[in-house]
Amino acid sequence: MSNPVLVCVLRRINAFEVLAEALKRLTQCTEKLSRSGDLLHTVMALTPEVTFRQAILFFTEADFVTGKTCFYCLCPWVLKSFCFSYLVGESQRCHAESLFTYLQTGAQILCTVLLIKPGAWSHSLSRILLKLDLEKFHVVGMKHINLEPDVALGLLSPEEKQDPAVLEAHCTYLTSGTALVLCLQRPNAVKKLIDLLGPEDPKLAQTRDPSLWRAQYGTSTVQNGFYGSKSYQIAVRDMKLFFPEGLCCAKCQTLEEEEV
């Protein structure tokens, strides 16, 4: 190869998805700005398995720096770049650890929160619990709850809060009856649950995949059946909110790290 390359190992939550989107934007930007035709070319590992195989070709344990992000430069010229990222579950770890050992360990056991909205769980609880079991979720917390308006408000996205009419409709529905809150545990729990629920709009979910849960149990963007924690940070917040007394699972390391 006539030009030097830069090889990077990048670490963060949802590493593959975020890096792919960043590289897409970077490519579009360089295509618009480049006048010489010498564009930035990138190659990215797409799975943890490929990341591990490629990382051991370029690095040893001594090359890595613990923390949120690890970099290793072969040269100062960034004409071509090979970017290798690895998925760390959905948590950031700040203690010393071996990257190779972590990659070989596999997906990390995490918790997330599923709130089954009023009216949805009372008619379909057995089927929902069966679906959770088939998807390898373990229920480590469960309770009935009548949501207070301020708690219901905290579950809404910034977009939903912008329209007063939409905000009122959501809060009115969420406080209209008893909801069922579940704390669920499995590898990559947060993303897996969000993928199963599908889009907030049941009609859009139906178009994408009729097997999505909101497509099956939702009737509108307000009465869409479920709330699920959208990120690991939000899942930790939701667990502390709904289960302040604790959970029936053995504490995992990520939960211990998040404790105040």
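The structure displayed is predicted, hence computed values, not measured ones.

Calculation notes
Residues numbered from 1 in each chain as written. Predicted model: local features only at pLDDT ≥ 70, side-chain atom pairs only at ≥ 80, totals over all residues. Heavy atoms only, no water. Helix = DSSP H or I, 4+ residues; strand = E, 2+ residues; numbered from the N terminus. Buried < 20%, exposed > 50% of the residue type's maximum accessible area, 1.4 Å probe, protein only. Contact = heavy atoms within 4.5 Å. Lys, Arg positive; Asp, Glu negative; His and termini not counted. Salt bridge = Lys/Arg side-chain N within 4 Å of Asp/Glu carboxyl O. Polar contact = N/O pair within 3.5 Å; in protein donor to acceptor, adjacent residues only side chain to side chain.

Chemist: Can you break down the overall build of the protein chain residue by residue, with the values?
Modeler: Per the secondary structure count, the protein chain includes twelve helices and eight strands. With 260 residues in all, the protein chain has 42% of them scored as buried. For the protein chain, long-range pairs separated by at least 24 residues make up 76% of all intrachain contacts whose partners lie at least 6 apart in sequence.

Chemist: Account for unusual backbone geometry, with residues named and values stated.
Modeler: Positive phi is not limited to glycine here, since Lys136 has a value of about 70°. As for its position among the elements, Lys136 is in the loop between helix 4 (121-134) and strand 6 (138-145). Notably, Asn188 is not glycine yet its phi reads approximately 55°, a positive angle. In this fold, Asn188 is placed in the loop between strand 7 (179-187) and helix 8 (189-197).

Chemist: Describe the side chain of Lys117, listing the residues and the values that go with them.
Modeler: Along the chain, the position of Lys117 falls in the loop between strand 5 (109-116) and helix 4. Glu200 provides the closest opposite charge to the buried, salt-bridge-free Lys117, at an N-O distance of 5.1 Å. Engagement of the side chain of Lys117 in a polar contact is seen with the side chain of Asn224, the distance being 2.7 Å. Among residues more than four places away in sequence, those in contact with Lys117 are Tyr173, Leu174, Val222, Asn224, Gly225, Phe226 and Tyr227.

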